[in-house]
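# Notes for the structure review
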Amino acid sequence: RKEVEQDPGPFNVPEGATVAFNCTYSNSASQSFFWYRQDCRKEPKLLMSVYSSGNEDGRFTAQLNRASQYISLLIRDSKLSDSATYLCVVKGNKLTFGGGTRVLVKP
Amino acid sequence: GAVVSQHPSWVICKSGTSVKIECRSLDFQATTMFWYRQFPKQSLMLMATSNEGSKATYEQGVEKDKFLINHASLTLSTLTVTSAHPEDSSFYICSARDPRGSGSYEQYFGPGTRLTVT
């Protein structure tokens with residue numbers, strides 16, 4: 001079993017719609033959680049940290065469920081520019097990346 | 001602006017040659033840098049952790065004699081792919097940890113180096 005698992009997608013999303021996807025992790029001792037965004041042939045960039053109480057940053061909402069060991073990302077009012085691969089990242093003694101979920105927002 | 005740079009951004013080399021990739025932290029001193037590799041449609045895989053002034057720590061399955069890491073200063077780490085083969089073709093990304101972080105895990109990624117071995 002992979003340490004961090006994601007649905008690879010792609011999620012085809014109409015512009016303006018809401019999309020949500022999860023990530024599961026296997027190490028219950030994981031300390032911190034993040035969502036990164038990676039555009040094609042570019043480096044990953046931090047989108048947001050994920051806190052136990054859940055947190056929101058504009059149109060993006062992240063949730064953490066420690067009991068079930070998953071985190072989620074919800075994107076509201078999708079923009080064409082949201083098209084990217086979203087990487088779930090879990091920190092134990094190092095950063096471990098999921099395989100990414102590809103999101104395609106279409107007009 | 002970018003806080004971590006990599007050079008070169010892309011390189012094509014012949015099989016059997018060696019390639020050096022540089023990673024620099026631009027406005028902070030990084031005692032720890034990380035080297036990742038990403039194959040197409042796959043996730044980033046940590047190759048090694050580079051500590052300034054000491055030997056790098058390699059992840060399981062990564063050959064330390066093939067992927068030479070040098071972290072001679074607080075702003076520069078280099079990865080040398082020795083005797084490169086076509087299967088080494090990949091996207092190599094470095095990152096650096098900013099020790100000035102307020103407690104959150106401040107790790108910044110370089111723009112990556114795309115290596116193609118022919």
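Everything that follows concerns the structure shown earlier in this document.
Everything quoted here is computed from the prediction, not taken from an experiment. (Residues numbered from 1 in each chain as written. Chains lettered and ligands numbered in written order. Predicted model: local features only at pLDDT ≥ 70, side-chain atom pairs only at ≥ 80, totals over all residues. Heavy atoms only, no water.)

### Side note on the state of the cysteines
Where two cysteines share a covalent bond between their sulfur atoms, that bond is called a disulfide. All names here are of chain A. The tally for this structure, following the rule as stated, stands at two disulfides over all chains. Through a disulfide, Cys23 is tied to Cys88; the S-S separation comes to 2.0 Å. Negative torsions about the S-S bond denote left-handed disulfides, and the value of about -65 degrees found for Cys23 with Cys88 makes this one left-handed. Of the two residues, Cys23 is situated in strand S3 (residues 19-25) and Cys88 in strand S9 (residues 84-91); the sequence distance between them amounts to 65 residues. (Disulfide = S-S within 2.5 Å. Helix = DSSP H or I, 4+ residues; strand = E, 2+ residues; numbered from the N terminus.)

### Structural notes on the sheet that holds strand S7 (residues 67-73) of chain B
Residue and element names in this part refer to chain B. Read from one edge of the open sheet, four strands run S1-S3-S8-S7, paired in antiparallel fashion. Of all strands in the sheet, those bounded by a partner on one side alone are strand S1 (4-7) and S7. On average, each strand axis in the sheet is tilted by 15 degrees relative to the strand beside it, whichever way the strands run. Note that S7 and strand S8 (residues 76-81) share five bridges and pair antiparallel. (Pairing = 2+ DSSP bridges. Axes fitted to C-alpha atoms, helices over the stretch in contact; angles between N-to-C directions.)

### Details of the packing of aromatic side chains
Counted by the stated rule, this structure contains eleven aromatic pairs over all chains. Note on Tyr25(A) and Phe33(A): the rings are 4.8 Å apart at their centroids and 45 degrees apart in plane angle, and the pair reads as tilted. Each ring, one from Phe97(A) and one from Phe109(B), has its centre 5.8 Å from the other, and the planes form 80 degrees; the classification is edge-to-face. Separated into two different chains, Phe97(A) in strand S10 (residues 95-97) and Phe109(B) in strand S10 (residues 107-109) make up a pair that spans both. Here the aromatic residues Phe11(A), Phe21(A), Trp35(A) and Tyr86(A) are joined through ring pairs into a cluster of three or more. Lying across the ring of Phe67(B), Lys66(B) places its NZ or CZ 5.9 Å from the centre. Looking at Arg114(B), its charged tip hangs above the ring of Phe91(B), at a distance of 4.3 Å from the centre. (Phe/Tyr/Trp six-rings, centres within 6.5 Å; stacked < 30°, edge-to-face > 60°. Lys NZ or Arg CZ within 6 Å of the ring centre and 35° of its normal.)

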